[in-house]
Structure formats: C-alpha cells, structure tokens
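Residue-level listing of the chains:
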Amino acid sequence: VSQSRYLREGKRTALVAFAYDRGNERVKKLIKEKLGTSDIDGLADAISDSGAPTHVEDLIEKLAESAFDAIERDELEIGAKKLLIEMVELVTKRNR
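Treat the numbers as computed from the prediction; the structure is a model and nothing was measured. (Residues numbered from 1 in each chain as written. Predicted model: local features only at pLDDT ≥ 70, side-chain atom pairs only at ≥ 80, totals over all residues. Heavy atoms only, no water.)

**A look at the packing of aromatic side chains**
For step 1, the next point in the chain: As enumerated under the stated definition, the model contains zero aromatic pairs in all.
For step 2, the next point in the chain: Looking at Lys 28, its charged tip hangs above the ring of Tyr 20, at a distance of 5.5 Å from the centre. (Phe/Tyr/Trp six-rings, centres within 6.5 Å; stacked < 30°, edge-to-face > 60°. Lys NZ or Arg CZ within 6 Å of the ring centre and 35° of its normal.)

**A look at helix 3 (residues 25–34)**
For step 1, the next point in the chain: Inspection of helix 3 places Val 27, Leu 30, Ile 31 and Lys 34 among the buried residues, and these make up the whole buried set. Taken end-on, helix 3 shows its buried residues confined to a sector of 95°, consistent with a single buried face. Exposed residues lying more than 90 degrees from the buried face of helix 3 are Glu 25 and Lys 32.
For step 2, the next point in the chain: Where helix 3 is buried, its residues contact helix 1 (3–9), helix 2 (14–22) and helix 4 (43–49).
For step 3, the next point in the chain: Two or three places before Arg 26, at the start of helix 3, stands the capping residue Asn 24, its side-chain oxygen 3.0 Å from that residue's backbone nitrogen. (Buried < 20%, exposed > 50% of the residue type's maximum accessible area, 1.4 Å probe, protein only. Helix = DSSP H or I, 4+ residues; strand = E, 2+ residues; numbered from the N terminus. Arc of directions from axis to C-beta. Contact = heavy atoms within 4.5 Å. Polar contact = N/O pair within 3.5 Å; in protein donor to acceptor, adjacent residues only side chain to side chain.)

**A short note on the pattern of salt bridges**
For step 1, the next point in the chain: Applying the stated criterion across every chain yields a total of four salt bridges.
For step 2, the next point in the chain: A salt bridge links Glu 9 to Arg 5, with the nearest nitrogen and oxygen atoms 2.8 Å apart. Of the two residues, Glu 9 and Arg 5 are both situated in helix 1; the distance of four residues between them amounts to about one turn of the helix.
For step 3, the next point in the chain: Taking the relative accessible area as the measure of exposure, Glu 9 reaches 41% and is therefore partly exposed.
For step 4, the next point in the chain: Residues Glu 33 and Lys 29 are paired through a salt bridge, measuring 3.9 Å at the closest nitrogen-oxygen approach. Separated by four residues within a single helix, Glu 33 and Lys 29 lie in helix 3, roughly one turn from each other. (Salt bridge = Lys/Arg side-chain N within 4 Å of Asp/Glu carboxyl O.)

**Remarks on the packing of helix 5 (residues 52–71) against helix 6 (residues 78–92)**
For step 1, the next point in the chain: Two elements in contact, helix 5 and helix 6, have axes separated by 10 Å at closest approach and are oriented at 175°. Classified by the angle between their axes, helix 5 and helix 6 sit roughly antiparallel to one another. Residues Ile 60, Ala 64, Ala 67, Phe 68 and Ile 71 of helix 5 form the contact with helix 6, whose own contacting residues are Lys 81, Leu 84, Ile 85, Val 88, Glu 89 and Thr 92.
For step 2, the next point in the chain: For the contact of helix 5 with helix 6, the per-class residue count stands at eight nonpolar, one polar and two charged. (Axes fitted to C-alpha atoms, helices over the stretch in contact; angles between N-to-C directions. Parallel < 35°, antiparallel > 145°, perpendicular 65-115°, else oblique. Nonpolar A, V, L, I, M, F, W, Y, C, P; charged D, E, K, R; others polar.)

What follows is the structure in structure tokens.
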C-alpha cells in the first residue's frame with residue numbers, strides 16, 4: 001500500500017505522528033488540513049522534511065535489535081529461534 005493512499009485515507013501512522021510531533025507549524029498545519037483528503041499535495045514532502053522517516057527507521061532498527069537479543073536467550077529451542085528470527089526479518093525489512 002502506498003504512502004499516498006494512507007494519507008488520503010487519513011491513517012494516523014507512526015510517520016504522521018512523528019512528523020506532527022517533530023514538525024514545525026507548517027508541517028502541523030499541512031497534516032491538520034490535508035490528512036484524510038484527496039488534496040495531499042506537499043504532505044508527503046512535509047512529512048519527509050520533518051525527519052519522521054529517519055526517526056521511524058531508527059526506531060524499527062532499535063526494536064528489531066531488542067527482538068534479536070531476546071531471541072538469542074537460552075530459553076528458546078533452536079527451531080523456535082529460527083522461526084522468530086525469520087519473523088523479525090520479515091516485518092522489519094521492507095522492499096523499497
């Protein structure tokens with residue numbers, strides 16, 4: 001699903017939340033006015049300019065590292081570890 005579709009549908013994704021939280025007044029105004037409308041011109045750029053994508057990617061990486069550390073504990077069987085590692089990789093690695 002494309003980002004523009006999420007913006008038109010008004011989805012309050014992590015990107016939108018971080019952009020609103022970290023963005024300047026222009027970004028906040030664009031989000032308030034355009035999120036959930038058919039006119040999303042400039043909205044994706046504003047979200048990107050706010051630094052939200054980098055912040056979300058860093059957060060995903062940090063959480064994935066925590067998951068891998070937890071998986072490596074001795075309490076799990078080898079088969080379970082392999083499956084969990086595959087799951088973490090599947091949900092954190094996106095095709096661009």
